[in-house]
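Tertiary structure, described
Below, each chain spelled out in residue letters.
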Amino acid sequence: MFSHLNVELTSRCNKACFCCGRRKMEREYPHLVDWGDMDHEMVHKIAVQVPHRTIVQFHSNGEPLLYPYLGWALFQFRHCFRQFNTNGKLLPEKGSEIIDNLDVLTISVIEKDVEGDYQYDRVKEFLAVKGDRRPNIVFRLLGKVERPDRWQELGGVVCTRVLHAPGGSYDYEREVTKPEIGVCLDLLTHLAIDRYGNISVCVRFDPDGKLRLGNVNDISLYDAWKHPKRLKYIEKHIDQHRDNCGGCNGCHYWGVPRNAS
């Protein structure tokens, strides 16, 4: 079965930036824009199907801290390794739902962010309350972040990442790293579920649904993992025909994060 699962609790966001293809969606696919939250019954339906200790990441296009049932949703996956990326703006308000109820919290810090000082102050306020309790903290510095040392001084793990095009996983600032097996690692390890319950082979930007395998209301996660379409994609990757896979052919990412330095 999959080792990683992305669950999009919400597609709503409270920050204007380049991430997740949101701006491209709003500009080129306005008929598909319907930002909102996953139904809480669907969250439970997914949780009971996920194997013990699976890595579950509660993010995709939205800001997880905006989900109105966040603490409850995280608790549903208490048998899993739980993580999500956040801009951190609501951490002090959501702290009681997160502390001791999440394993790893990744805070994304972007270059040239006009809210950088505000973000820093909010994160520092949350960390003062959290103390030594979980979640463990990771700072993901995207691009050429000013004053990176101040994030390092807060403790936790610091990861630097290169930037890619605002509309998807392509045109990276540095050449992407390819796995030695020649097959995208996300394809081999991930499933992703958007807030409507649509299941995809990965969490890459896919407005046309080319990577979709079905919906949680129609198929199980096990059946999605064994889906003929997914297995066919794997065979095409192995045969070095990745460009013949809809959704993969416009993606430059191979499941291996690239450091900025």
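Heads up: the structure comes first, above all this text.
One structure accompanies this document, and this report is about it. (Residues numbered from 1 in each chain as written. Predicted model: local features only at pLDDT ≥ 70, side-chain atom pairs only at ≥ 80, totals over all residues. Heavy atoms only, no water.)

Some words on the overall build of the chain
Secondary structure assignment for the chain yields 9 helices and 9 strands. Taking 261 residues into account, the globule formula puts the C-alpha radius of gyration at 18 Å, and the chain, at 18 Å, falls close to it. Along the longest, intermediate and shortest principal axes, the C-alpha atoms of the chain span 50 × 40 × 35 Å. In the chain, which comprises 261 residues, the proportion classed as buried is 51%. Counted over contacts in the chain with a minimum sequence separation of 6, partners at least 24 positions apart contribute 66%. Counting every atom, the chain has about 12700 Å² of accessible surface; 49% of that belongs to carbon and sulfur. Charged side chains of the chain number 36 positive and 35 negative; the gap between the two group centres comes to 2 Å. (Helix = DSSP H or I, 4+ residues; strand = E, 2+ residues; numbered from the N terminus. Rg over C-alpha atoms; globule rule 2.2 N^0.38 Å. Buried < 20%, exposed > 50% of the residue type's maximum accessible area, 1.4 Å probe, protein only. Contact = heavy atoms within 4.5 Å. Areas by Shrake-Rupley, 256 points an atom, 1.4 Å probe, with all protein chains shown as cover. Lys, Arg positive; Asp, Glu negative; His and termini not counted. Charge placed at Lys NZ, Arg CZ, Asp CG, Glu CD.)

Description of the state of the cysteines
The final tally for this structure, using the stated rule, is 0 disulfides. Left unpaired, Cys184 is separated from the closest cysteine sulfur, that of Cys202, by 6.4 Å. Classification of Cys184 by relative accessible area gives buried; the value is 8%. Cys248 supplies the cysteine sulfur nearest to Cys245, a cysteine that is in no disulfide, at a spacing of 4.8 Å. Judged by relative accessible area, Cys245 falls into the buried class, the value being 0%. (Disulfide = S-S within 2.5 Å.)

Regarding the packing of helix H4 (residues 91-98) against helix H5 (residues 116-130)
Two numbers describe how H4 lies on H5: the axes approach to 9 Å, and their chain directions differ by 35 degrees. Regarding H4 and H5, the two cross each other, and that crossing is right-handed. In contact with Leu91, Pro92, Glu93, Gly95 and Ile98 of H4, H5 contributes Arg122, Val123, Glu125 and Phe126. Per-class residue counts for the contact of H4 with H5 are 5 nonpolar, 1 polar and 3 charged. (Axes fitted to C-alpha atoms, helices over the stretch in contact; angles between N-to-C directions. Left-handed = near helix turned anticlockwise from the far one by under 90°. Nonpolar A, V, L, I, M, F, W, Y, C, P; charged D, E, K, R; others polar.)

Examining the nonpolar core
In terms of nonpolar packing, the biggest core is built from 53 residues, with Leu5, Val7, Ile46, Val50, Phe77, Phe84 and Leu221 touching the most fellow members. Discounting chain neighbours no more than four positions away, the residues touching Leu5 are Ile46, Val50, Thr54, Ile55, Val56, Gln57, Leu191, Ala192, Ile193 and Leu221. Listed in part, the 6 residues of the second largest apolar core include Val162, Tyr172, Cys251 and Trp254. (Core = buried A, V, L, I, M, F, W, Y, C linked by side-chain atoms within 4.5 Å.)

A few points about the pattern of salt bridges
Under the counting rule described, the total for this entry stands at 15 salt bridges. Linking Asp117 and Arg150 is a salt bridge whose minimum nitrogen-to-oxygen distance equals 3.1 Å. Of this pair, Asp117 sits in helix H5 while Arg150 sits in helix H6 (residues 149-152), placing them 33 residues apart in sequence. The closest approach of N and O atoms between Arg204 and Asp186, which form a salt bridge, is 2.7 Å. Here Asp186 lies in helix H7 (residues 185-189) and Arg204 lies in the loop between strand S8 (198-200) and strand S9 (212-215), a separation of 18 residues in the sequence. Sharing partners across several salt bridges, the network here consists of Lys15, Lys89, Asp113 and Glu115. (Salt bridge = Lys/Arg side-chain N within 4 Å of Asp/Glu carboxyl O.)

By themselves, these are just geometric observations and shouldn't be taken as functional.
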